[in-house]
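What follows is the residue order along each chain.
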Amino acid sequence: MSTKHLVLVGLMGAGKTTVGERCAEQLGRPFVDTDELVEATVHLSVGEIFETLGEEQFRALERTAVADVSASPAPLVIACGGGAVLDADSRARMRATGVVVWLQAPPAVLGARVTDQEDRDGARRPLVRDDGPVATLERLAVTRAPAYEAAAHAVVDTTGKSVDDVVDAVLDELQARSDDD
Ligand code: S3P
């Protein structure tokens, strides 16, 4: 198995946290979520950071979080916030130190998941509050596609797949790249 980090990217609701936690369990590696790391650094929720410091400051904190976790000598499973790939330095670090897997799903599916997870993750997702999740995710899917493409070594389509199936597909992608180490 690869000794590189396993890095999960994709839009909100793609399943990065759920799938990442399971992959970490199976690999016996620590799991790190960049949103959690940012929140722990400034003792504010992502929503509070957007409100009080602004999105630009959140992105700067996110860039530092990606740099910190990428530098870990122990291989990790890293779930990146949906917008982390927008930063070119972060993309370069992810690709250099990890196998980057893009979890995909249609905006309608992502929107339904985000709505279901509102209680758990609402404070972390200020971007979907105003226009409604599906409209926002449709827009982000188009504008961010080039950044996900540039970041990812592999794509896993989660449509119609169980969490276990997605975990297997992601671990297969990691395994397939173990020879590159
Ligand atoms: C964001 C996604 C969120 C969080 C923040 C911004 C985005 O993370 O980082 O609300 O820009 O797509 P998840 O993708 O883990 O929900």
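Refer to the structure printed above.
These notes cover the structure that comes with them. (Residues numbered from 1 in each chain as written. Predicted model: local features only at pLDDT ≥ 70, side-chain atom pairs only at ≥ 80, totals over all residues. Heavy atoms only, no water.)

**Regarding the side chain of Asp 35**
Along the polypeptide, Asp 35 turns up in helix H2 (residues 34-42). Here Asp 35 sits buried without a salt bridge, and the closest side chain of opposite charge, Arg 124, lies 5.0 Å off (N-O distance). Each residue touching Asp 35, except ones within four places of it in the same chain, is listed here: Val 46, Phe 58, Glu 62, Gly 81 and Arg 124. (Helix = DSSP H or I, 4+ residues; strand = E, 2+ residues; numbered from the N terminus. Buried < 20%, exposed > 50% of the residue type's maximum accessible area, 1.4 Å probe, protein only. Lys, Arg positive; Asp, Glu negative; His and termini not counted. Salt bridge = Lys/Arg side-chain N within 4 Å of Asp/Glu carboxyl O. Contact = heavy atoms within 4.5 Å.)

**Concerning the site of the ligand**
In the vicinity of the ligand there are 15 residues, among which Lys 16, Asp 35, Arg 59, Arg 124 and Arg 125 approach most closely. Within the contact set of the ligand, an oxygen atom lies 2.7 Å away from a side-chain nitrogen or oxygen of Arg 59. Contact between the ligand and Arg 124: an oxygen atom at 2.3 Å from a main-chain N or O atom of the residue. Coverage of the ligand by the protein chains reaches 97% of its 390 Å² of free accessible surface. (Near = heavy atom within 4 Å. Polar contact = N/O pair within 3.5 Å; in protein donor to acceptor, adjacent residues only side chain to side chain. Areas by Shrake-Rupley, 256 points an atom, 1.4 Å probe, with all protein chains shown as cover.)

**Let's talk about the pairing of strand E1 (residues 5-9)**
Of all the 5 residues making up E1, 5 are buried; the element is thus mostly covered by neighbouring parts of the structure. Going residue by residue along E1, you find His 5, Val 7 and Val 9 tucked away on one face and Leu 6 and Leu 8 tucked away on the opposite face as well. Looking at chain direction, E1 and strand E4 (residues 98-104) are connected through 5 bridges and run parallel. Across the sheet, His 5 pairs through a bridge with Gly 98, a residue of E4. Here 3 bridges tie E1 to strand E3 (residues 77-79), and the two strands are oriented parallel to one another. Bridge pairing in E3 links Leu 6 to Val 77. (Pairing = 2+ DSSP bridges.)

**What to know about the pattern of salt bridges**
Taken as a whole and judged by the stated rule, the model has 6 salt bridges. Of the charged contacts in the structure, one is a salt bridge between Asp 164 and Arg 22, with a shortest N-O distance of 2.6 Å. Here Asp 164 is found in helix H9 (residues 163-176), whereas its partner Arg 22 is found in helix H1 (residues 16-27), with 142 residues between them in sequence. Among the residues examined, Arg 22 registers a relative accessible area of 32% and is labelled partly exposed. Across the pair Arg 59 and Glu 62 runs a salt bridge whose closest N-O atoms are separated by 2.9 Å. One end of the pair, Arg 59, and the other, Glu 62, are both in helix H4 (residues 55-70), 3 residues apart, so they sit about a helical turn from each other. Like Arg 59, the residue Glu 62 is buried in the burial classification. One connected set of salt bridges, linked through shared partners, spans Glu 55, Arg 59 and Glu 62.

**Considerations on unusual backbone geometry**
Backbone geometry at His 43 places phi at a positive 55°, although glycine is not the residue there. When you line up the elements, His 43 lands in the loop between H2 and helix H3 (46-52).

**Overview of the pairing of strand E5 (residues 154-157)**
Side-chain alternation along E5 places Ala 154 and Val 156 on a buried face and Val 155 and Asp 157 on a face that remains uncovered. Note that E4 and E5 share 4 bridges and pair parallel. Directly across from Gln 104, in E5, lies its bridge partner Asp 157.

**Brief notes about the packing of H2 against H4**
Running from amino to carboxyl end, H2 crosses H4 at an angle of 110°, the nearest separation of the two axes being 9 Å. Considering the angle they form, H2 stands roughly perpendicular to H4. Along this stretch, H2 crosses H4, giving a crossing that reads as right-handed. Here Thr 34, Asp 35, Leu 37, Val 38 and Val 42 of H2 lie close against H4, whose contacting residues are Phe 58, Leu 61, Glu 62, Ala 65, Val 66 and Val 69. When the residues that make up the contact of H2 with H4 are grouped by side-chain class, the tally is 8 nonpolar, 1 polar and 2 charged. (Axes fitted to C-alpha atoms, helices over the stretch in contact; angles between N-to-C directions. Parallel < 35°, antiparallel > 145°, perpendicular 65-115°, else oblique. Left-handed = near helix turned anticlockwise from the far one by under 90°. Nonpolar A, V, L, I, M, F, W, Y, C, P; charged D, E, K, R; others polar.)

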